[in-house]
Structures are given as structure tokens and as C-alpha cells.
Amino acid sequence: MDPRVAELHHRAALRPDVIPLAGGLPADDLMPRVALAAVLSEVAQSRDALQYGWPEGLQSVRDWIAGRLVARGVVIDPEHVIVTAGAQQALSLVAAELAHGSRIAVGAATYPAALAAFASTGLEIVDEDRDARAHYVIAGVANPQGVDLIEAQRTNLIASGAEIVVDEAYAELRFDGELPRPLAIDAPDRVWHVGTISKTLAPGLRIGWLVAPARRRAAVLERKQASDLQTCSLSQVALTRLFGVIDYDAMLARARRRYAARADRLIAALAHYTPELRFREPEGGFSLWVETDEHGDDIALLRAAIEAGVSLDPGHMFRPPGVIAPVAFRLSFSNAPPDSFEEAARRLAAALAAWRHLE
Ligand code: PMP
């Protein structure tokens, strides 16, 4: 992350008066705390949870992941799944597997830590390029835009012949509950499928997954083992037990309703206090992507926002190198108390006025 933004966010986090609309954190009250506490204390007694495991992950977790993909039409068996430390590790592994110096197209704004993962292994990151060797897409609900790929994008991706990194971090949190057709069905030999339970259960468990194209799987697994031996046994055993005591699909349905209601509250507050701001209605996920027609320094905007008592994510973090665009920012409705949204929007309006005055 841009160290200037990291410092401002750290400082804001220490101030309880700042309403946090930055960072894509799930709602604390949607995490199955009681059930998790029970299974964690139980599995701490079990050998599997404390012992080393296989680099590819616990069989029961791989079965669960594969089962959900099979139900969506993907031809896959559990042996194809690698359990990772969150989707982030999956992205880092893919970044390392794609040839150094090759070009990856990511769109005009995307998830900052994916950009960081791709940059760290020397990939050339561009916004659009039909001839790129690889494409990164966030299917179902994009971060930060909050909407799915359109049909033409899917068709072009499938026709491209390029490698496709498909990140489904928020796909299960589409408000309509309609999961997208997995691109792995249409391009199984080129899709690197990435998923996670961070958004739906708890990011602290650090469980995600990677399904690599078949011919690349062994190399990925070797790389993963060289880096961490395996994903945390305790989390994997706890997750398996958790699925025995919670109804995951019912939890998802509840989370979708709650996040949709949160989105509506923030949108209503913004419509009242900052009617000039432009954003798409999110189809799911955690945030709104606000675009303006103004050019300027979005770090100064973040500073003004914190000064006014609200935080946000400045848009430049989401931009691939070379994209010069008017100021944009991401506002997350997923974690701050919904009762604070009205006040947050009022403060944001004050921050925008102060920032425009500065610019
Ligand atoms: N992909 C996207 C699009 C994300 O927004 C995030 C989390 N912010 C991740 C991947 C990483 O998630 P995790 O490592 O917690 O599974």
C-alpha cells in the first residue's frame, strides 16, 4: 500500500471519532463468533489441528471447496484444489507462476493488493490490452466497482486465449444471490480460480483457495510448500467442524440482506449530503466506487476527510500504472455502524468542500 495512505489510515484507526469507510472489512456482527469459539476450543484438543498437514490442504476443506464449484458446473475434483492463506496467497502464487515480465491486463481500477502481488513478481501491469498474456478479473462483484463483468467482457476473455486470473472474493455476496457462471467452465486450461472465506466468515482464519490449470498445479504446490509448508491446520480443522454446526448458505443469505441494507443506507445518506457524487449502485460486496470529474490530489482528500472525521480509500491505490484519471475514491459500507452513515456523509461533504478550497 502507498505508505502515505497507510500512515493516514493507521492514524485514523487510533481515533475513535473517525467513522471508518476505508478498508474492506466484513461486518463484525456477521461473524459466527459463538460457533467458532466452540469449535476452536474443541479442535485445540485434536491432533490434526495442531500437527503438520499436507501442502495442498486438509482433504475435508478441499472436498468442500470442490463440492461448491462442482455444484456450479465446474469439472473438478478435490485433488485440484490448493488451500491457501486467504485469496491473497493464491494471487501471490499465481503472480509468481506467470512469466516474469509478461503483461497482465487488470482494467482501469482494481484491488490494490492484487496490483502489489503482480508488481512484486515483475509482471507488467496495464489497464487494457487485448494481446496481454494474462488478465485479472474480479468476477461476481468487482472491487472497487461493486458490479459483475458484463457479457462482452466474458466473451472476450474466453476468446482471448490468454491466462485468466479469476478472483471470486465477493461472488457469494451478490445481493441477488446469483453466482456468476465460473469462467473455469469455459476456459479450464487457462483459468486460475481464486476464492476465499474471508468476506463471508472471517478473514482472521486466513483460508482461501487456488485452482490452477492442471499442467501448472504441481509447480504451484512446490512453490507454496517452499514458502509456508502448508496452510494453518488449526483454521482448516476448525472450518471443517464449523460447517457441521452452521448453515453456511443460510448465513450467506443473511449476510447478503444485511450488506444490501447497509448499501442502501449509505446511498441514501450520500444522495442527501453529496448529491454531486457519481457511483454505480453496487450489485453486492462491501463498497461504492465514487468517481468525480475533478483532477487533484486524492491523498489531500483523504487528509481532509480524516480531519472532518471520516475515512475513505483514495482512488489512486486502485489504478494500474499509467492510468491518469479524475479523482475517485472507495467508500465501504460493510463495517462501520450503519447508524453513523448519515453523519459520515455530512462529514464527507464538509471534507470535499475543504479539499476543493485547497485544490
Ligand atoms: N481479492 C479481493 C478482490 C479482495 O478484495 C481481497 C480482500 N480485500 C482479497 C482478494 C484477499 O482476501 P483474503 O486474502 O483475505 O482471502
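Right above here is the structure, for reference.
Predicted model only: the values in this text are computed from it and were never measured.

Colleague: Requested: an account of the site of the ligand, with residues and values cited.
Modeller: Near the ligand you find 13 residues, and of these A87, D167, T196, S198 and K199 are the closest. One of the side-chain nitrogen or oxygen atoms of R206 is found 2.8 Å away from an oxygen atom of the ligand. Protein contacts shield 91% of the accessible area of the ligand, which totals 400 Å² for the unbound molecule. Looking at the shell around the ligand, the element that brings in the most residues is helix α5 (residues 86-97), giving three residues.

Colleague: Report on helix α4 (residues 59-71), specifying residues and quantitative values.
Modeller: With 13 residues, α4 extends 18 Å between its outermost C-alpha atoms, agreeing within 8% with the 18 Å of an ideal straight helix rising 1.5 Å per residue. If you check which residues of α4 are buried, you get V61, R62, W64, I65, A66 and L69. Here the buried face of α4 lies against β2 (81-84), β7 (191-196), β8 (208-211), α10 (233-245) and α11 (248-273). Looking one or two places after α4, you find G73, whose phi comes out positive at around 100°.

Colleague: Please give an account of the pairing of strand β10 (residues 287-291) that cites residues and values.
Modeller: Counted residue by residue, β10 has four buried out of five residues, so it is predominantly covered. In the sheet, strand β9 (residues 278-279) pairs with β10 via two bridges, with the strands oriented antiparallel. Along β10, the bridge assignment pairs R278 with E291.

Colleague: Describe the sheet that holds strand β13 (residues 328-332), with residues and values.
Modeller: Overall, antiparallel pairing links the four strands, which are arranged β9-β10-β13-β12 in an open sheet. Looking at which strands have only one partner, the edges of the open sheet turn out to be β9 and β12 (313-314). Bridge analysis of β12 against β13 gives two bridges, and the strand direction is antiparallel. Residue pairing in the sheet places P314 in a bridge with F329 of β13.

Colleague: For the packing of α5 against helix α9 (residues 217-228), give the residues involved together with the corresponding values.
Modeller: Running from N to C, α5 and α9 cross one another at 120°; their axes reach a closest spacing of 10 Å. On the basis of the axis angle, α5 is oblique to α9. Handedness of the α5/α9 crossing: right-handed. In this structure, α5 uses Q89, L93, A96 and E97 to contact α9, whose residues at the interface are A219, V220, R223, K224, S227 and D228.

Reading guide: rules and limits
Residues numbered from 1 in each chain as written. Predicted model: local features only at pLDDT ≥ 70, side-chain atom pairs only at ≥ 80, totals over all residues. Heavy atoms only, no water. Near = heavy atom within 4 Å. Polar contact = N/O pair within 3.5 Å; in protein donor to acceptor, adjacent residues only side chain to side chain. Areas by Shrake-Rupley, 256 points an atom, 1.4 Å probe, with all protein chains shown as cover. Helix = DSSP H or I, 4+ residues; strand = E, 2+ residues; numbered from the N terminus. Expected span 1.5 Å × (residues − 1). Buried < 20%, exposed > 50% of the residue type's maximum accessible area, 1.4 Å probe, protein only. Contact = heavy atoms within 4.5 Å. Pairing = 2+ DSSP bridges. Axes fitted to C-alpha atoms, helices over the stretch in contact; angles between N-to-C directions. Parallel < 35°, antiparallel > 145°, perpendicular 65-115°, else oblique. Left-handed = near helix turned anticlockwise from the far one by under 90°.

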